[in-house]
Amino acid sequence: MKVTVVGAGNVGATCADVLAYREIANEVVLLDIKEGVAEGKALDIWQKSPINLYDTRTVGSTNDYAKTAGSDVVVITSGLPRKPGMSRDDLIETNAGIVKQVTENVVKHSPDAIIIVVSNPLDVMTYQAHITSKFPRTKVMGMAGILDTARYRAFLAEELNVSPKDIQAVLMGGHGDTMVPLPRYTTVGGIPVTELIEEDKLNAIIERTKVGGGELVKLMGTSAWYAPGSAAAQMVEAIVRDQKRVFPVCIKLEGEYGIDGVYLGVPVILGKNGVEKVIELDLNEEEMKLLETSRDHVKEVMEVLDSKVK
C-alpha cells in the first residue's frame, strides 16, 4: 500500500509520522512545494524507524508528483494556515486554487486513489477537490468530524475525569461554528452522557468544541496539527485496512437528511472503497434545524467559491 500526503507543514508531517509509526502503509510519500522540506521531514521520520521499530518507508518530494504515482490514498493538507483574527472563509480563494492544482496532479498520477481533504475551509475544499477530480463522491471526503468529535470527547473526559477511550460521540454539519454536536448520541461506557453531567456544563463543552480550532489559533498563533494530523491518519487506516469504521466525515450529500448537493459532515462507514455507506440518523426537530442552519452556511461559502474559482 502507498499513501501520499501533500503538504509537509505541521499537519501533513504529523499525518505522515503517524502513518509510518503505525505501519499503515508500506510507503508514505510526503510532498511539498518548498525545496527540501518534504525530503528533510521524510528523512527524519525514516531515521527514527530503528528507535520506534517500524518498517514503513518515507519518501520526500519537492513538487515531483511522479513520486506519488500509484498511491492508494492521498491526503491533501496544502494551503495557508489560519492566522489570528482570520476566519476559515477568508482562506477560500487562495486555498481553493491550491487544492485545485494539487487535485489535478493527484488525478494524473493516481487515478484510482481515494482523496482525503484536510485543507481549510474544509467543507468547500472538499467540494473543490470533488469537482476537480470528477471522482465518485465516495472517493473524495473531508476530515473534520473525527477532529471535532475528538475535541468534544477530550473536553468531556476532562470534565468527567474518565478515560477518553470510553466516550463515543457523533457530530454533524460543517466544520466550524455551525457544527452540530449530538448529546443524544453521546455515551460514556454505554451510559448516556446526559445522565452524568449537568446540562449547563454540557452546553459549555459543546460551545467550546465549536470554537475548538479558534482556541488553539489564539494560543499558538497558527492552526492545530497533532490532532488534525492524527485524525487524517485514522481515516487512512480505516480505508487501507478495510476496517469498516463508523466515522463522521465530510461528503457530498445526495438526498440524505433531505439535503442535496451540499458537503457536510455525516456519519459513514469507511472501508477499502472509501465511503461505503452514509448513515442516516433519526434526527429530532431541533437537531434537524441545526443541521439545516449548517447546510445554509456551507452552501453560502460554496457559492463564494463558485464566484472566485472556476
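All of these numbers come straight from a predicted model, not from anything done at the bench.

### Examining the side chain of Arg151
Argument step 1. Looking at the secondary structure, you find Arg151 in helix H6 (residues 145-160).
Argument step 2. Among buried Asp, Glu, Lys and Arg side chains, Arg151 stands out as unpaired, with Asp148 the closest opposite charge at 4.2 Å.
Argument step 3. For Arg151, the residues in contact, after removing those within four places along its chain, are His175, Thr209, Gly212, Gly213, Leu216 and Ala224.

### A short note on helix H2 (residues 37-47)
Argument step 1. Taken together, the buried positions of H2 are occupied by Ala38, Ala42 and Ile45. Taken around the axis of H2, the buried residues stretch over an arc of 60°, which confines them to a single face. Set apart from the buried face of H2 by more than 90 degrees, the exposed residues are Asp44 and Gln47.
Argument step 2. Tucked inside the fold, the buried residues of H2 contact helix H1 (10-21), strand S2 (27-32), helix H3 (49-52) and strand S3 (57-62).

### As for the pattern of salt bridges
Argument step 1. For the coordinates displayed, the defined rule picks out 14 salt bridges.
Argument step 2. Taking the shortest distance from any N to any O, the salt bridge between Lys201 and Glu159 comes out at 3.6 Å. Here the residue Lys201 occupies a position in helix H7 (residues 199-210), and Glu159 occupies one in helix H6, the gap between them amounting to 42 residues.
Argument step 3. Overall, Lys201 belongs to the partly exposed group, its relative accessible area being 36%.
Argument step 4. Between Lys201 and Glu198 there is a salt bridge; the shortest N-O distance is 3.9 Å.
Argument step 5. Of the residues examined, Glu198 reaches a relative accessible area of 44% and is grouped as partly exposed.
Argument step 6. If you follow the salt bridges from partner to partner, you end up with Arg22, Glu237 and Arg241 in one network.

### Overview of the sheet that holds strand S11 (residues 191-192)
Backbone hydrogen bonds hold the strands of a sheet together, and the pairing may be parallel or antiparallel.
Argument step 1. Pairing within the open sheet is antiparallel, and its three strands lie in the order S7-S10-S11. A single partner strand is all that each edge strand has here, and the edge strands are strand S7 (167-168) and S11.
Argument step 2. By the bridge criterion, two bridges tie S7 to strand S10 (residues 187-188) in an arrangement that is antiparallel. Note on S10: the bridge partner recorded for Gln168 is Thr187.

### Considering the domain arrangement of the chain
Put simply, an interface is often sized by how much accessible area is lost when its parts join up.
Argument step 1. Here the chain is partitioned into domain 1 (2-143) and domain 2 (144-309).
Argument step 2. When each unit is reduced to the centre of its C-alpha atoms, the spacing between domain 1 and domain 2 is 21 Å.
Argument step 3. The interface of domain 1 with domain 2 comprises 42 residues on the first partner and 51 residues on the second.
Argument step 4. With both chains or domains summed, domain 1 and domain 2 bury close to 3,800 Å², and 67% of this area falls on carbon and sulfur atoms.
Argument step 5. Applying the counting criterion to the domain 1 and domain 2 interface returns three salt bridges.
Argument step 6. Across the pair Glu237 and Arg22 runs a salt bridge, and its minimum N-O distance is 2.8 Å.
Argument step 7. Applying the counting rule to domain 1 against domain 2 returns eleven residue pairs in polar contact (both at pLDDT 80 or more).
Argument step 8. Every element with two or more residues in the side of domain 1 that touches domain 2 is listed here: H1, strand S4 (73-76), helix H4 (92-109), strand S5 (114-117), helix H5 (122-133) and strand S6 (140-142).
Argument step 9. A total of nine residues in the side of domain 1 that touches domain 2 trace back to one element, the largest contributor, which is H5.
Argument step 10. Taken together, the residues of the side of domain 1 that touches domain 2 sort by class into 23 nonpolar, eight polar and eleven charged.

### A look at the pairing of strand S13 (residues 260-271)
Argument step 1. Among the twelve residues in S13, nine count as buried, and that is most of the element.
Argument step 2. Two strands pair when backbone bridges link them, and strand S12 (residues 245-254) and S13 are joined in this way by nine bridges, in the antiparallel orientation. Within S13, the residue paired with Val249 across the bridge is Val266.
Argument step 3. Taking the residues between adjacent antiparallel strands as the criterion, S12 and S13 are bridged by five residues, where Gly255 takes a positive phi near 105°.
Argument step 4. Note: S13 against strand S14 (residues 274-278), four bridges, orientation antiparallel. Bridged to Gly271 within S14 is Gly274.
Argument step 5. Here S13 folds back onto S14, and the loop between the two strands holds two residues.

### Topic: the packing of H1 against helix H9 (residues 226-240)
Argument step 1. Where H1 meets H9, the axes come as close as 8 Å, and the angle between the chain directions of the two elements is 45°. One element, H1, and the other, H9, form an angle in the oblique class. In terms of crossing hand, the pair formed by H1 and H9 is right-handed. Residues Val11, Thr14, Cys15, Val18 and Leu19 of H1 touch H9, and the partners they reach there are Tyr226, Pro228, Gly229, Ser230, Ala232, Ala233 and Val236.
Argument step 2. Of the residues assigned to the contact of H1 with H9, the class counts are nine nonpolar, three polar and no charged.

About the criteria used
- Once a new chain begins, its residue numbering starts again from 1 and follows that chain's sequence as written.
- Only residues with pLDDT of at least 70 are given local features in this predicted model, and only at 80 or more are side-chain atom pairs given and counted; all residues enter the totals for whole chains, interfaces and linings.
- Side-chain metrics rest on all non-hydrogen atoms present in the structure, leaving aside hydrogens and water.
- Note on conventions: DSSP H or I runs of at least 4 residues are helices, E runs of at least 2 residues are strands, and numbering of each starts at the N terminus.
- Each residue's exposure class comes from its accessible area (1.4 Å probe, protein chains only) as a fraction of the maximum for that residue type: buried when under 20%, exposed when over 50%, partly exposed otherwise.
- In this charge count, Lys and Arg are treated as positive and Asp and Glu as negative; neither His nor the chain ends contribute.
- Only one rule defines a salt bridge in this text: a Lys or Arg side-chain nitrogen within 4 Å of an Asp or Glu carboxyl oxygen.
- Contacts are assigned to residue pairs that have any heavy atoms within 4.5 Å of one another.
- Each C-beta atom gives one direction from the helix axis, and the arc is the one those directions make.
- Strand pairing is assigned whenever DSSP detects at least two bridges linking the two strands.
- Boundary definitions for the domains trace back to an automatic or database domain assignment.
- Each of two parts loses accessible area, computed with a 1.4 Å probe, when they are put together; buried area is these two losses added.
- Think of a polar contact as two N or O atoms within 3.5 Å of one another; within protein, one of them needs to be a possible hydrogen donor and the other a possible acceptor, and neighboring residues in sequence only count if both atoms come from side chains.
- Polarity classes work like this: nonpolar for Ala, Val, Leu, Ile, Met, Phe, Trp, Tyr, Cys and Pro, charged for Asp, Glu, Lys and Arg, and polar for all others, with Gly in that last group.
- Between N-to-C directions, angles cover 0 to 180 degrees, with each direction set by a line fitted to C-alpha atoms, over the stretch in contact for helices.
- Angular relationships are summarised with four words: roughly parallel below 35 degrees, roughly antiparallel beyond 145, roughly perpendicular across 65 to 115, and oblique for the angles in between.
- Take the far helix as your reference; a near helix turned counterclockwise from it by less than a right angle gives a left-handed crossing, and one turned clockwise gives a right-handed crossing.

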